[in-house]
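# Structural description and commentary
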Amino acid sequence: MTLISFVVPAFRVQGYLRECLDSILGQPETDFEVIAVDDCSPDASGDIIDEYAARDQRVRSVRLSENVGLGPARNIGLDRAVGQYVWFLDGDDWLAPECLTEVAERLRVTSPDVLLVDHVRTHWNDTATRSAMAEVFPESPGPGTFRLRDRPQAMHLLHTAWNRLVRREFLADLGLRFAPGWYEDVSFSYPVLMAAQRIGVLDRVCVNYRQRRAGAITRTRGDRHFEVFPQWHRVFHLMDSWGPATEALRPVVFERMIWHYLTVLGNGQRIAPELREAFFAQITADYERWLPPGGYPVPDGVEGLKHKLVASGRWRTFSALRAASRARDAARRQARTARRTVGPVARRGARLTRDGLLREYYRAELRRPVDPTLAVYAAYWYRGYSCNPAAIYEVARRLAPGVRGVWVVRRDRVDSVPAGVKYVVAGTPSYYRVLARARWLVNNVNFPDFVRKRPEQVHVQTHHGTPVKVMGLDQQRHPIGAGRMDFAGLLRRVDRWDYSVSANSFSTQMWDRAYPATYTTLEVGYPRNDRLVTAGVDEVRRLRAEFGLDPDEQVVLYAPTHREHLPGYRPPFDPDQFVQALGGSGRLLMRSHYFHDRDRRPGQPRDWERVRDVSGHQRVEDLYLVADVLVTDYSSAMFDYAVLDRPIVLYTPDWEAYRLARGVYFDVTAEPPGAVASTFADLLDLFRTDGVRSDAATKAREHFRARFCTLDDGRAAERVVRRVFLGEPGDRSSRC
């Protein structure tokens, strides 16, 4: 019999689900199954589950036709489980490496009805907070088992379903199921402990409990938090039906109920101010209804005072004490801030330089009305007119002629702006004015930190590539590659986004995790790739002529990515040897990353007739169109070039070092867009033998295109313009 059945419900967890499933499937212990339940999630969670089920027979996919909620979804998974034990793991949490070995050993040796395991709360800033395990059990409880009445302090461990494994036959005999609604763990986890004859505790961190910045119910205000009351009512109704067997536990259960109610009430992110009095009144009603005849252990100190105010229904006093406590905390924070701030008035005077005066001008412009016809565009930190913003701008001129588009460019890039395109120079008064008053702000990177998001403004983040390397908050786990990145500042910038443009489902999943906020995702393809789809033979012929390329020449574009952790690094690449391997009709175009503005040439070839440095060419789409083959490493160029369905070669001489230092989202060498060369000698052999066009390379490219390029149909920019500028509904709907 299978030892453990993992039940993993999934709803809106596409950014985290892969990490959850990988953490299970990567365990050394293999005696388990995974029942992943897609609760009719409107994102790609169900597709991710199907993908894992297709490649690992231990994973079973369950796709629901309607959304039933977390509790019923767990029940559906439980009904399909065959393991001796069931472990309900949420789709946005993940297991600690190798923890399952100890868990399995404890289950096999002690055969508990319930095994409690430890966890940590993992926060968005990559910090972790320990659980209450050490306080509840100051000394290790050891491998033995116990009943709850012998160690009632176990009730003080977090009442979730995912920090305990439950023997499946015990659960079936008990007839216990998850109830619908929020706080469904309450009416499952406490009764399980009360009914168990053999409870074990493994004081080893097994679960990373993700503290999501956005999307969790614990950060969602509304009246659904009142659903905590019927969940606790179910607990007491069960105790009544079980009779004297659990009567001794009633006082500790009651104390946990009041503690939980006060915890929910005290969380300002859950109960809105206008609902707080009604919530308090319900706590008082439940206090009177379920108070044990012999009383219960009232906590000491402030917590005990809260219990007494609940018992007497004194809402005004409770509210006043809470307000006083919050005011005291605010005063302490202000005092700490004041100690850190030395001479603000003097520094304000020092700031009134030219930049300071311009910022004052910006703040004054913020008080003027937003221009309902103005859209501001920018790309690559004002490096010029390019990428997704340029494609959107061009379509907006046609479909939304009432929108005036203005570009922001650096002074040294003014010459790159096409004729007829209006622009302002970064750092000038006009620059600050348009940023303050534009209705739309469109960029493929973030605008500077000083930019304030006005309620009437719409920020569109287009991004500038499908990610191979980890991005955003995920970089915290790779500090070498992240450098001195300010993650708190990053999130303040992300909070300005209204729309995030995504090229494919994979990007959407990664952006959800890397940039957690409340923006709307536009999964429409990449606007900059529209031209790759629509360009005809005549345009390609014209471009090749402009570059001085003959129609019968084999043109190879070499475009390596930047290594943030290795400034100035160049992959080992000899242009002269490479063009010799191409033969007499081969030409090589070399393009460095845009970060290398002042260090353009990736090599020093002698044969400049056949090798050309095209790093300064403004629009990379031109280079894609004239190239017959792309050679790259970990650059997002591979995803764009794949739209053309032409050969791609990955040259990855430092793959392992790059993967460890910079961090990657998937093994691009295992799922490549074509042939792979790990050494320069291998790269030369691929071209000498025409391995770049082998059957294996072609099949790899087909698979790659099916995964990443299906939305690039030439209409991505139009979809963005219609949604953002014209207010039309999107053409992609949820299946539920």
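Residues numbered from 1 in each chain as written. Predicted model: local features only at pLDDT ≥ 70, side-chain atom pairs only at ≥ 80, totals over all residues. Heavy atoms only, no water.

## Digging into the overall build of the protein chain
Let me state the cut-off plainly: For the purposes of this entry, the term helix denotes a DSSP run of H or I that reaches at least four residues, the term strand denotes a run of E that reaches at least two, and both are numbered from the N terminus. To sort residues, take the accessible area from a 1.4 Å probe on protein chains only and compare it with the maximum for the residue type: under 20% means buried, over 50% means exposed, and anything in between is partly exposed. It only takes one pair of heavy atoms within 4.5 Å for two residues to be counted as in contact.
From N to C terminus, the protein chain includes 28 helices and 22 strands. Counting only C-alpha atoms, the protein chain reaches 95 × 65 × 45 Å along its principal axes. Classification of the 736 residues of the protein chain by burial places 55% in the buried group. Partitioning the contacts of the protein chain with sequence separation of at least 6, the portion at a separation of at least 24 is 74%.

## Some words on the nonpolar core
The condition is simple: Think of a nonpolar core as a cluster: buried Ala, Val, Leu, Ile, Met, Phe, Trp, Tyr and Cys residues, connected wherever their side-chain atoms sit within 4.5 Å.
If you look at the biggest cluster of nonpolar residues, it comprises 87 residues, and the most contacted ones within it are Tyr-377, Tyr-515, Val-724 and Phe-725. Counting residues per element, this core draws most heavily on helix H15 (residues 387-399), at seven residues. Ignoring any residue separated from it by four or fewer positions in sequence, one finds Tyr-377 in contact with Pro-389, Ile-392, Tyr-393, Ala-396, Gly-405, Val-406, Trp-407, Val-408, Val-442 and Phe-725. Grouped together as the second largest cluster of nonpolar side chains are 65 residues, Ile-35, Val-136, Leu-157 and Val-186 included.

## What to know about the pairing of strand S10 (residues 371-378)
Stated precisely, the cut-off is as follows: The criterion for strand pairing is that DSSP finds at least two bridges linking the strands in question. Looking down the strands as they point away from you, a crossover is right-handed if its path from the first strand over the helix to the second goes clockwise.
S10 sits mainly inside the fold: six of its eight residues count as buried. Where S10 meets strand S13 (residues 438-443), five bridges bridge the pair, whose relative direction is parallel. The partner of Tyr-377 across the bridge, within S13, is Val-442. With H15 bridging S10 and its parallel neighbour strand S11 (residues 404-409), the resulting β-α-β unit is right-handed.

## Focus on unusual backbone geometry
Backbone geometry places Tyr-183, a non-glycine residue, at a positive phi of 60°. Tracing the backbone shows Tyr-183 in the loop between helix H6 (168-174) and helix H7 (186-195). Since its relative accessible area comes to 10%, Tyr-183 is described here as buried. Of note, Asp-690 is a non-glycine position whose phi angle comes to about 60°, a positive value. Relative to the assigned elements, Asp-690 resides in the loop between helix H26 (680-688) and helix H27 (695-708).

## Re the sheet that holds strand S16 (residues 520-523)
Note the following rule: Axis lines are fitted through C-alpha atoms, for helices just across the contact stretch, and the angle between N-to-C directions can take any value from 0 to 180 degrees.
Overall, parallel pairing links the seven strands, which are arranged S12-S11-S10-S13-S14-S15-S16 in an open sheet. Only two strands of the sheet have a single partner each, and these edge strands are strand S12 (423-425) and S16. On average, each strand axis in the sheet is tilted by 25° relative to the strand beside it, whichever way the strands run. Bridge analysis of strand S14 (residues 458-461) against strand S15 (residues 499-502) gives two bridges, and the strand direction is parallel. Along S15, the bridge assignment pairs Val-460 with Tyr-499. Helix H16 (residues 429-437) rests against S10, S11, S12 and S13 of the sheet, and its axis sits at about 105° to S13.

## Some words on the packing of aromatic side chains
Defined as follows: Any two rings among Phe, Tyr and Trp, with Trp reduced to its six-membered ring, count as a pair given centres within 6.5 Å; such a pair is stacked if its planes are under 30 degrees apart, edge-to-face if over 60, and tilted if neither.
In the structure shown here, the tally under the stated rule is 50 aromatic pairs. Centroid distance Tyr-385 to Tyr-393: 5.8 Å. Interplanar angle 90°. Geometry classified as edge-to-face. Here the two residues Tyr-385 and Tyr-393 agree in accessibility, since each one is buried. When the centroid spacing of 5.9 Å and the interplanar angle of 70° are considered together, the rings of Tyr-624 and Tyr-641 count as edge-to-face. You can see Tyr-624 sitting in helix H23 (residues 620-626) and its partner Tyr-641 sitting in helix H24 (residues 637-641), a full 17 residues away along the chain.

## Structural notes on the packing of helix H9 (residues 250-266) against helix H10 (residues 273-290)
As a reminder of what qualifies: For this classification, under 35 degrees means roughly parallel, over 145 means roughly antiparallel, 65 to 115 means roughly perpendicular, and everything else is oblique. Each residue gets one of three labels, nonpolar for Ala, Val, Leu, Ile, Met, Phe, Trp, Tyr, Cys and Pro, charged for Asp, Glu, Lys and Arg, and polar for the others, Gly among them.
For the pair H9 and H10, the least separation of the axes is 11 Å and the interaxial angle reads 175°. Judged by the angle between their axes, H9 and H10 are roughly antiparallel. Residues Phe-254, Met-257, Ile-258, Tyr-261, Leu-262, Val-264 and Leu-265 of H9 touch H10, and the partners they reach there are Arg-276, Phe-279, Phe-280, Ile-283, Asp-286, Tyr-287 and Trp-290. Within the contact of H9 with H10, the residues separate by chemical class into twelve nonpolar, no polar and two charged.

## Considerations on the pattern of salt bridges
A side chain with one charge may pair with a side chain of the opposite charge, provided their charged atoms come close. Put simply, the rule reads: Here a salt bridge means any side-chain nitrogen of Lys or Arg lying within 4 Å of a carboxyl oxygen belonging to Asp or Glu.
Tallying each qualifying case throughout the model produces 57 salt bridges. The shortest N-O distance in the salt bridge between Arg-74 and Asp-90 comes to 2.9 Å. With Arg-74 in helix H3 (residues 70-80) and Asp-90 in the loop between strand S4 (85-88) and strand S5 (94-95), this pair connects stretches of sequence that are 16 residues apart. Note on accessibility: Arg-74 and Asp-90 belong to one class, buried. In the salt-bridge network here, residues are joined through shared partners; they are Glu-19, Arg-210, Asp-474, Arg-477 and Arg-513.

## Some remarks on the side chain of Asp-474
We apply this condition: Under the rule applied, a polar contact is a pair of N or O atoms within 3.5 Å (in protein, one hydrogen donor and one hydrogen acceptor; residues adjacent in sequence only if both atoms are side-chain atoms).
Mapping Asp-474 onto the fold places it in the loop between S14 and helix H17 (479-482). Engagement of the side chain of Asp-474 in a polar contact is seen with the side chain of Arg-513, the distance being 3.2 Å. Residue contacts for Asp-474: discarding those within four places in its chain leaves Arg-513, Ala-514 and Tyr-665.

## Digging into the sheet that holds strand S17 (residues 554-559)
In spatial order, the strands read S19-S18-S17-S20-S21-S22; together these six strands make up an open sheet with parallel pairing. Looking along the sheet, the strands with just one partner apiece sit at the ends: strand S19 (611-613) and strand S22 (675-677). On average, each strand axis in the sheet is inclined to that of its neighbour by 20°, with strand direction left out of account. The strands that helix H22 (residues 575-582) touches are S17, strand S18 (586-590), S19 and strand S20 (629-632); relative to S18, the one it contacts most, it runs at about 145°.

## So, empty space enclosed by the protein
Going by this rule: Think of a 1 Å grid over just the protein atoms. A cavity is a set of points where a 1.4 Å probe fits yet cannot get out, a pocket is an open set with protein on both sides within 12 Å along at least five of seven lines, and lining residues have an atom within 4 Å of a point. Grid points are joined across faces, edges and corners, and a volume is the space filled by probe spheres set on the points.
Within this structure, the stated rule accounts for five cavities of 30 Å³ or more. Lining the largest cavity are 16 residues, and of these His-123, Trp-124, Arg-210, Leu-473 and Arg-477 lie nearest its centre. Within the lining of the largest cavity, the residues separate by chemical class into five nonpolar, four polar and seven charged. Of the pockets and cavities examined, the second largest cavity occupies roughly 70 Å³. Around the second largest cavity sit Leu-441, Asn-443, Val-445, Asn-446, Phe-447, His-459, Val-460, Gln-461, Arg-493, Arg-496 and Trp-497, which together line it. Of all the secondary-structure elements, those providing two or more residues to the lining of the second largest cavity are S13 and S14. Grouping the amino acids of the lining of the second largest cavity by side-chain chemistry returns five nonpolar, four polar and two charged.

## Considering H22
Within H22, six of the eight residues are buried, which leaves the element mostly enclosed by the surrounding structure. Where H22 is concerned, the buried positions are Pro-575, Asp-576, Phe-578, Val-579, Ala-581 and Leu-582. Contact partners of the buried residues in H22: S17, S18, S19, S20 and H26. With a side-chain oxygen positioned 3.0 Å from the backbone nitrogen of Asp-576, the residue opening H22 is Asp-574. Looking one or two residues beyond H22, the residue adopting positive phi is Gly-583, at roughly 90°.

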